[in-house]
Amino acid sequence: MTGAPVLVTGLPRSGTSWAGKMLAAGGDLVYVNEPLNPQHPPGRCPGVLRASVTHRFQYICDDNAADWLPAFRDTVALRYRWLSELRANRSPYDLARLLRYGAAFSFGRLTRRRALLDDPFAVLSAGWFAAALGCRVIALLRDPVSFVASWQRLGWTVYFHELLEQPLLVRDHPELLELRALVGSQDRVMKAALLWRATRTVLTRTPGILLTSYESLAADPLGGFRRLYDYAGLAWTPAAERRIARACTGPSRGGTGFAWSGLSRTAFRPMDSRRALDDAARGLSSSDVARVRDLTA
C-alpha cells in the first residue's frame with residue numbers, strides 16, 4: 001500500500017459522509033465510516049478499530065497516543081481484526097458488516113489501496129491524525145446558520161460535559177472552559193452555535209490540515225473535488241468525474257431528511273448539491289438566525 005491515508009472530518013452535518021464518498025469514487029481508497037463514533041453501529045467495531053471509545057469527540061494527542069496509535073495504525077494499514085469483531089458483535093447485521101469490512105480491508109491491502117476515514121468525531125483530534133499517522137486531513141466547515149438549522153430540524157443537541165471531562169482536551173484548548181456554563185442548558189440553538197465556534201477555533205489553529213468550506217464545495221462540486229483529489233494525492237480520472245457528477249448534480253434521491261443507510265451506516269445520498277444550499281436556515285426564526293450570526297461572528 002502506497003501513499004498517505006486520508007481523514008475527512010468536521011462536525012456532524014457538515015458533509016463529511018458526502019465528501020468521503022466522493023473521494024472514494026475514484027477507486028483508490030477504502031471507505032471507513034466513523035471508527036470513533038461511540039454508538040454501535042457504526043462505531044464500537046473492534047475489527048475496524050481495536051480501541052475503546054469513551055467520549056463523543058474523543059481527544060487524541062501525543063500524551064495519550066499509547067492507547068490509540070497501535071489501533072489506528074492497524075486501521076489505516078487495512079488490517080481487519082476478524083476475531084476481535086466476532087467476539088464483540090454477532091447479530092445478523094454485525095456479521096454482514098464483518099464480511100463487508102473484512103473483505104474490503106483484505107482486497108484493499110492486496111490492491112495497495114489507501115484507507116479513507118470519514119469521522120466527524122475526530123474533528124478535535126485532526127492535528128494528531130496529520131502528525132502521528134501522516135493523514136491528509138480535510139476538515140469541512142459549514143456555514144454556522146446552516147449547521148445550527150440542520151441540528152434544529154433533527155432535534156440534535158450537544159452535551160458539553162463530554163468535552164469538559166477530557167482533561168487533555170481542556171488543557172490544550174482552554175477556551176472550551178467557557179462552555180461549562182451551558183452544561184445542562186436546554187438552549188439548543190446557543191449550544192450548537194457555540195460548539196461550531198469552538199470547533200472553528202480549534203481547526204483554524206491546527207497545522208497540517210486543509211480547512212474546506214462545505215458551501216463552496218457544494219456550489220462547485222466538480223471543481224472543488226478535483227482540488228481535494230489533488231490535495232489527497234488521488235488520480236482525477238474520467239470515471240471519478242462521471243461518478244461525482246452523477247452523485248452531485250443529478251436529482252436528489254431518498255427525500256431531504258437525514259437517515260442512516262447501508263452497512264456502513266452513512267448519511268450520504270445522491271443529491272443536487274447546489275440546490276441543497278437553498279433555504280439553509282429552514283427551521284430557524286429570523287431572531288435565531290441573527291443570534292447565531294452574533295454568537296459565531
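My aim in this report is to walk through the structure given alongside it, one point at a time. (Residues numbered from 1 in each chain as written. Predicted model: local features only at pLDDT ≥ 70, side-chain atom pairs only at ≥ 80, totals over all residues. Heavy atoms only, no water.)

A word on the overall build of the chain
Spelled out, the test is: Note on conventions: DSSP H or I runs of at least 4 residues are helices, E runs of at least 2 residues are strands, and numbering of each starts at the N terminus. Only the C-alpha atoms count toward the radius of gyration. The rule for a globule is 2.2 Å times the residue count to the power 0.38. The rule is simple: take the accessible area with a 1.4 Å probe, protein chains only, and divide by the maximum for that residue type; under 20% is buried, over 50% is exposed, in between is partly exposed. We call two residues contacting when some pair of their heavy atoms lies within 4.5 Å.
When its secondary structure is counted, the chain shows 13 helices and five strands. For 297 residues, the compact-globule estimate of 2.2 N^0.38 gives 19 Å, and the C-alpha radius of gyration of the chain, at 19 Å, lies within 12% of that figure. When each of the 297 residues of the chain is scored for burial, the buried share is 53%. A separation threshold of at least 6 residues defines the contact pool for the chain, and within that pool the share at least 24 residues apart is 74%.

As for the packing of aromatic side chains
Rule in force here: Pairing of aromatic rings covers Phe, Tyr and Trp, the last through its six-membered ring, and needs centres within 6.5 Å; plane angles under 30 degrees mean stacked, over 60 mean edge-to-face, and all others mean tilted.
Scanning all chains against the criterion turns up 13 aromatic pairs. For the pair Phe-72 and Trp-128, a centre-to-centre distance of 6.2 Å together with 65° between the ring planes defines the contact as edge-to-face. Of this pair, Phe-72 sits in helix H2 (residues 69-76) while Trp-128 sits in helix H5 (residues 126-133), placing them 56 residues apart in sequence. Across the pair, exposure class does not vary: Phe-72 and Trp-128 are buried alike. Between the aromatic rings of Tyr-101 and Phe-105, the centroid separation amounts to 6.0 Å while the plane-to-plane angle is 75°, which identifies the pairing as edge-to-face. Of this pair, Tyr-101 and Phe-105 both sit in helix H4 (residues 92-110), four residues apart, which is roughly one turn of the helix. Residue Tyr-101 shares its accessibility class with Phe-105, and that shared class is buried.

So, the sheet that holds strand S4 (residues 136-141)
Heads up, the rule is: In short, DSSP must find at least two bridges between two strands for them to pair. Comment: axis = line fitted to C-alpha atoms, over the contacting stretch for helices; angle = value between 0 and 180 degrees taken between N-to-C directions.
Read across the sheet, five strands follow the order S2-S3-S1-S4-S5 without closing on themselves; strand pairing throughout is parallel. Both edges of this open sheet fall to strand S2 (29-33) and strand S5 (209-213), since each of them pairs with a single strand only. Here the average twist between neighbouring strands, direction ignored, is 20°. Here strand S1 (residues 6-9) pairs with S4 via four bridges, running parallel.

Brief notes about helix H12 (residues 238-249)
Every α-helix carries 3.6 residues per turn, so stepping three or four residues along brings you back to the same face. Our working rule: To estimate how far a helix should extend, the number of its residues minus one is multiplied by 1.5 Å.
The terminal C-alpha atoms of H12 lie 16 Å apart, and with 12 residues this matches the ideal 16 Å at 1.5 Å per residue to within 8%. Taken residue by residue, H12 has Ala-240, Ile-244, Ala-245, Ala-247 and Cys-248 as its buried positions. Along its buried surface, H12 packs onto helix H1 (16-24) and helix H11 (221-232).

Concerning the layout of surface pockets
Quick reminder of the rule: Cavity and pocket criteria rest on a 1 Å grid covering protein atoms alone: a 1.4 Å probe that fits but cannot get out defines a cavity, protein on both sides within 12 Å along at least 5 of 7 lines defines an open pocket, and an atom within 4 Å of a point defines a lining residue. Grid points are joined across faces, edges and corners, and a volume is the space filled by probe spheres set on the points. Note on residue categories: nonpolar means Ala, Val, Leu, Ile, Met, Phe, Trp, Tyr, Cys or Pro, charged means Asp, Glu, Lys or Arg, and polar means any other residue, Gly included.
If you add up the space inside the second largest pocket, you get close to 200 Å³. Of all the elements, H5 adds the most residues to the lining of the second largest pocket, at four residues. Considered class by class, the residues forming the lining of the second largest pocket number nine nonpolar, four polar and one charged.

Section: a nonpolar patch on the surface
The condition is simple: Only residues whose relative accessible area exceeds 30% and that form no salt bridge are eligible for patches; like-charged ones are grouped when within 9 Å, while nonpolar side chains (Val, Leu, Ile, Met, Phe, Trp, Tyr) are grouped when within 5 Å. For every accessible area listed, the method is Shrake-Rupley and the probe measures 1.4 Å; residues are considered covered only by the protein chains on display. Here, a salt bridge means any side-chain nitrogen of Lys or Arg that lies within 4 Å of a carboxyl oxygen of Asp or Glu.
A cluster of nonpolar side chains, Leu-83, Leu-86 and Leu-95, forms an exposed patch at the surface whose accessible area comes to about 250 Å². By the secondary structure assignment, Leu-83 is in helix H3 (residues 82-88). When its relative accessible area of 55% is taken as the criterion, Leu-83 is described as exposed.

Concerning the environment of Leu-141
Topologically, Leu-141 is positioned in strand S4. Spatially, the C-alpha atom of Leu-141 lies 8.6 Å from that of Gly-15, the residues being 126 residues apart in sequence. Not counting chain neighbours up to four residues away, the residues in contact with Leu-141 comprise Trp-196, Arg-200, Leu-211, Thr-212, Ser-213, Tyr-214 and Glu-215.

Quick look at the pattern of salt bridges
Applying the stated rule across the entire model yields 11 salt bridges. A salt bridge links Glu-162 to Arg-56, with the shortest nitrogen-to-oxygen separation between them at 3.4 Å. With Glu-162 in helix H7 (residues 161-164) and Arg-56 in the loop between S2 and H2, this residue pair connects regions lying 106 residues apart in the sequence. Of the residues examined, Glu-162 reaches a relative accessible area of 13% and is grouped as buried. On the basis of relative accessibility, which here comes to 34%, the residue Arg-56 falls in the partly exposed class. Salt-bridge contacts for Asp-74 lead to Arg-81; the nearest nitrogen and oxygen are separated by 2.6 Å. We classify Arg-81 as partly exposed; its relative accessible area is 29%. Counted as one network, the salt bridges with shared partners bring together Asp-63, Arg-171 and Asp-172.

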